[in-house]
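# Inside the fold
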Amino acid sequence: MTQPETALLSVTYVSTSSTPLTRATLDALLRQSRENNERSGLTGMLAVKADDFFQVIEGPPVVVQDVLAKLLRDRRHRDMRILLEEEIPYRRFPDWTMRSERLADYPDGPIPGYDEPGDDREDATAKHHRIRSVVRWFQQRAARAGSERDTSSASS
C-alpha cells in the first residue's frame, strides 16, 4: 500500500530565455526536465510565451529547494523571479513530470491571472490569488484535454 506524501512544496516562478527560444531548444529542455524530474520525484508544468517561462515545480521540499538552487545558476535563462512558494497538501500536477504549453497556441482569449496586469502595489494575497488562477487554468485545460483523449480512444 502506498503511503501519502506528508510534505510537499510548490514553487511558481517566471524567467526569460537567455537566447531566442526555438522549438528544438524547448523540446530538448523538456526532454531533460522530464527525465530529471522522473528521477527526482518532481512534477509540474511549464508555460512558454515567446521567450518567457512560467513554471510550477512541486515535490519533496529538499528536492524542490535543490532544483531551485540549480535553476538560479542555470545560464539558459535570466531574470528568474519566484512568484509563489508554498506547502501544498497534494500534488496539483500528479501525472506530469513536466507538462508544457505554448501560450501562443491559445488565441481563444486571455488566461486568467496571466494576461491580467499585476500591480506593484498589489498585496500578497491578491498576487497569490492571481498566480493560483493561472495554475488552475492549466489544470482545467489539461483535464479537458485528457477527457477528450479518453473519449476519442473509447470511441475508436
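Not measured: the values here are computed from a predicted model.

## Observations regarding the overall build of the protein chain
- Within the protein chain one finds three helices and five strands.
- Considering the protein chain as a whole, with its 156 residues, one finds that 38% of them fall into the buried category.
- A sequence separation of at least 24 residues applies to 78% of the contacts in the protein chain between residues at least 6 apart.
- Working note: accessible area of the protein chain is about 9700 Å², and carbon and sulfur atoms make up 50% of it.

## Concerning the pattern of salt bridges
- Under the definition given, this model contains five salt bridges.
- With a closest N to O distance of 2.8 Å, Glu86 and Arg92 form a salt bridge. Each member of the pair, Glu86 as well as Arg92, is classed as buried.
- When the shortest N-O distance is used, the salt bridge between Arg132 and Glu86 registers 2.5 Å.

## So, unusual backbone geometry
- Of note, Ala50 is a non-glycine position whose phi angle comes to about 60 degrees, a positive value.
- For Ala50, the position within the fold is in the loop between strand S2 (43-49) and strand S3 (52-59).
- Judged by its relative accessible area of 58%, Ala50 is exposed.
- In the Ramachandran plot, Asp79 falls in the positive-phi region, its phi being about 55 degrees despite a non-glycine side chain.
- Within the element layout of this structure, Asp79 appears in strand S4 (residues 77-88).

## Here's the deal with helix H1 (residues 23-40)
- Across its 18 residues, H1 extends 25 Å between first and last C-alpha, which sits within 8% of the 26 Å expected from 1.5 Å per residue.
- Buried within H1 are the following residues: Leu26, Leu30, Ser33 and Asn37. Down the axis of H1, the buried set is contained in an arc of 70 degrees. They therefore lie on one face. Exposed residues lying more than 90 degrees from the buried face of H1 are Ala24, Glu38 and Arg39.

## Re the confidence of the model for the protein chain
- On average, the protein chain scores 78 in pLDDT, and the residues at 70 or more come to 73%.
- For the protein chain, per-element mean pLDDT is lowest for helix H3 (residues 124-154), which scores 66, and highest for helix H2 (residues 61-73), which scores 94.
- Counting interchain partners and residues more than four positions distant, the pLDDT-below-50 stretch residues 148-156 has zero contacts.

## Some words on the environment of Gly59
- Topologically, Gly59 is positioned in strand S3.
- You can call Gly59 buried: its relative accessible area is 0%.

## Looking at the nonpolar core
- The biggest cluster of nonpolar side chains holds 17 residues, and the ones touching the most others in it are Leu46, Ile57, Val64, Leu68 and Leu71.
- Looking at this core, the elements with two or more residues in it are strand S1 (8-17), H1, S2, S3 and H2.
- In terms of residue count, H2 provides more of this core than any other element does, four residues in total.
- Excluding anything up to four places from it in sequence, Leu68 contacts Val11, Ile57, Met80 and Ile82.
- The next biggest cluster of nonpolar side chains, apart from the first, holds 14 residues, and it includes Val14, Leu83, Leu84 and Val135.

## What about the side chain of Gln55?
- Along the polypeptide, Gln55 turns up in strand S3.
- Engagement of the side chain of Gln55 in a polar contact is seen with the side chain of Tyr13, the distance being 2.3 Å.
- Residues within four places of Gln55 in sequence aside, it is in contact with Val11, Thr12, Tyr13, Met45, Leu46 and Met98.

Analysis parameters
Residues numbered from 1 in each chain as written. Predicted model: local features only at pLDDT ≥ 70, side-chain atom pairs only at ≥ 80, totals over all residues. Heavy atoms only, no water. Helix = DSSP H or I, 4+ residues; strand = E, 2+ residues; numbered from the N terminus. Buried < 20%, exposed > 50% of the residue type's maximum accessible area, 1.4 Å probe, protein only. Contact = heavy atoms within 4.5 Å. Areas by Shrake-Rupley, 256 points an atom, 1.4 Å probe, with all protein chains shown as cover. Salt bridge = Lys/Arg side-chain N within 4 Å of Asp/Glu carboxyl O. Expected span 1.5 Å × (residues − 1). Arc of directions from axis to C-beta. pLDDT = per-residue confidence, 0-100. Core = buried A, V, L, I, M, F, W, Y, C linked by side-chain atoms within 4.5 Å. Polar contact = N/O pair within 3.5 Å; in protein donor to acceptor, adjacent residues only side chain to side chain.

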